[in-house]
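Working through the structure, step by step
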Amino acid sequence: MFDALFVFIAVFTVVCALGAMLNRNTVDAAMCLLLCLAGVAGLFVALHAFLLAFLLLLVYAGAVVTLFLFIIMLIDVRGSASSPRRRIATVAGIAALALVVAGLASLATRGRLALPQPPPGLPVGESLKAYAELLFTTYLLPVQLIGFLLLIAMLGVIALSRKAP
Amino acid sequence: MITASLNAYIGLSAILFAIGFLGVLLRRNALVIFMGLELMLVAATLGLVAFSRYNAAMDGDVFVFFILTVAAAEVAVGLAIVVALFRRRGTIQVEELDSLKN
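Residues numbered from 1 in each chain as written. Chains lettered and ligands numbered in written order. Predicted model: local features only at pLDDT ≥ 70, side-chain atom pairs only at ≥ 80, totals over all residues. Heavy atoms only, no water.

All names here are of chain B. On average, residues of chain B score 87 in pLDDT, and 96% of them are at 70 or above. For chain B, per-element mean pLDDT is lowest for helix H1 (residues 6-26), which scores 88, and highest for helix H2 (residues 30-55), which scores 91. The ipTM, which scores confidence in the relative placement of chains, is 0.90 for this predicted complex, and the corresponding pTM is 0.87. (pLDDT = per-residue confidence, 0-100. Helix = DSSP H or I, 4+ residues; strand = E, 2+ residues; numbered from the N terminus.)

It is worth spelling out the domain arrangement of chain A at this point. When its domains are assigned, chain A resolves into domain 1 (1-79), domain 2 (83-114) and domain 3 (126-165). Here the C-alpha centre of domain 3 of chain A lies 23 Å away from the C-alpha centre of domain 1 of chain A. (Domains from an automatic or database assignment.)

So, about the nonpolar core. Membership of the largest hydrophobic core comes to 69 residues, with the highest contact counts inside it found for B:Tyr9 and B:Leu31. Those elements giving two or more residues to this core turn out to be helix H1 (4-22), helix H2 (26-46), helix H3 (50-75) and helix H5 (128-136) of chain A together with H1, H2 and helix H3 (59-89) of chain B. Tallying contributions element by element places H3(A) first for this core, with twelve residues. Each of domain 1 (1-79) and domain 3 (126-165) of chain A accounts for three or more of the residues forming this core. (Core = buried A, V, L, I, M, F, W, Y, C linked by side-chain atoms within 4.5 Å. Buried < 20%, exposed > 50% of the residue type's maximum accessible area, 1.4 Å probe, protein only.)

Attention shifts here to the packing of aromatic side chains. Under the criterion given, the structure shown has five aromatic pairs over all chains. Considering the side-chain rings of A:Phe8 and A:Phe12, the 6.4 Å spacing of their centres and the 25 degrees angle between planes classify their relative orientation as stacked. Of this pair, A:Phe8 and A:Phe12 both sit in helix H1, separated by four residues, roughly a single helical turn. Chaining the aromatic ring pairs together yields one cluster made of A:Phe6, B:Tyr9 and B:Tyr54. (Phe/Tyr/Trp six-rings, centres within 6.5 Å; stacked < 30°, edge-to-face > 60°.)

Another aspect to go through is the interface of chain A and chain B. It is common to give the size of an interface as the accessible area that goes away when the parts come together. Listed per partner, the contact involves 84 residues of chain A and 74 residues of chain B. Put simply, chain A and chain B have zero salt bridges between them. At the boundary of chain A and chain B, one finds four residue pairs in polar contact (both at pLDDT 80 or more). Those elements that place two or more of their residues in the side of chain A that touches chain B are H1, H2, H3, helix H4 (87-110), H5 and helix H6 (140-161) of chain A. Looking at the side of chain A that touches chain B, the element that brings in the most residues is H3(A), giving 13 residues. (Contact = heavy atoms within 4.5 Å. Salt bridge = Lys/Arg side-chain N within 4 Å of Asp/Glu carboxyl O. Polar contact = N/O pair within 3.5 Å; in protein donor to acceptor, adjacent residues only side chain to side chain.)

So, on to the environment of B:Phe51. Within the secondary structure layout, B:Phe51 lies in helix H2. Taking the C-alpha atoms as reference points, B:Phe51 and B:Ile81, separated by 30 residues in sequence, lie 35 Å from one another. Contact partners of B:Phe51, with chain neighbours within four places excluded, come to A:Leu113, B:Leu6 and B:Ile10.

Moving on, we get to the packing of H1(A) against H1(B). Relative orientation of the contacting elements H1(A) and H1(B) amounts to 10 degrees, with a least axis distance of 9 Å. In terms of orientation, H1(A) lies roughly parallel with respect to H1(B). In contact with A:Phe6, A:Ala10, A:Thr13, A:Val14, A:Ala17, A:Leu18 and A:Met21 of H1(A), H1(B) contributes B:Ala8, B:Tyr9, B:Leu12, B:Ile15, B:Leu16, B:Ile19, B:Gly20 and B:Gly23. Of the residues contributing to the contact of H1(A) with H1(B), the split by class is twelve nonpolar, three polar and no charged. (Axes fitted to C-alpha atoms, helices over the stretch in contact; angles between N-to-C directions. Parallel < 35°, antiparallel > 145°, perpendicular 65-115°, else oblique. Nonpolar A, V, L, I, M, F, W, Y, C, P; charged D, E, K, R; others polar.)

Of all residues in chain A, 84% have pLDDT values of 70 or greater, and the mean over the chain is 84. Averaged pLDDT values over the elements of chain A bottom out at 81 in H4(A) and peak at 93 in H2(A).

By the secondary structure assignment, B:Thr69 is in helix H3. Among the polar contacts made by the side chain of B:Thr69, one reaches the main-chain carbonyl oxygen of B:Phe65 at a distance of 2.8 Å. Apart from the residues within four sequence positions on either side, B:Thr69 is in contact with A:Ile146 and A:Leu150.

See the structure below:
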């Protein structure tokens, strides 16, 4: 049922994700996040979404993690003097953890989706032409909205990073 | 050629999402909280791509496009806010950023 390569990539991704979230050192956490994203890109390749795998590496590994590393070096995070957690925060954390575990358990026990095998024939995610057709016909309005969103984000970052008078 | 069932992909996506969520809950460094948010977004895209592949439909793949763009914009603005916060307050530990409370 499970391919050995799939198991390897999946375990690698999960371990790197855990490392990214639990590491005390922020730079190490960013590096673990990078490896985790590479694993997810590998899974995209396994799903025949080659363009998305490439874009994931380009946008996340190339831009987002690099930005994280720049910010980490810029603001020089010292190890936090860990103050004790407040009780309400602990209770809320335990409740949220219980919800997540319940969701995962429900997925494991009842999440039997149909479509166990990919449909035969050429995978649709492979052809760039299909992306272009959808992006420029059905999803033309969202593409333009996303363009405006990027413009607004750019202006917002410029306004935020200006020195306060 | 890697073969795995749709359930495996969705389960992996859920596990990654849970890890990111736990990071957001447990960590108190604003940068690591941001990394947890990014991890949750990536987990969601993994689920979308898997559904798209197994249903032979393109819409999930195109949606991942938009998620990637929104994530990039979000991280740019969020990190700019973190830097501005650090400049003004000298810390990015979320427990110490409680000036709205009083």
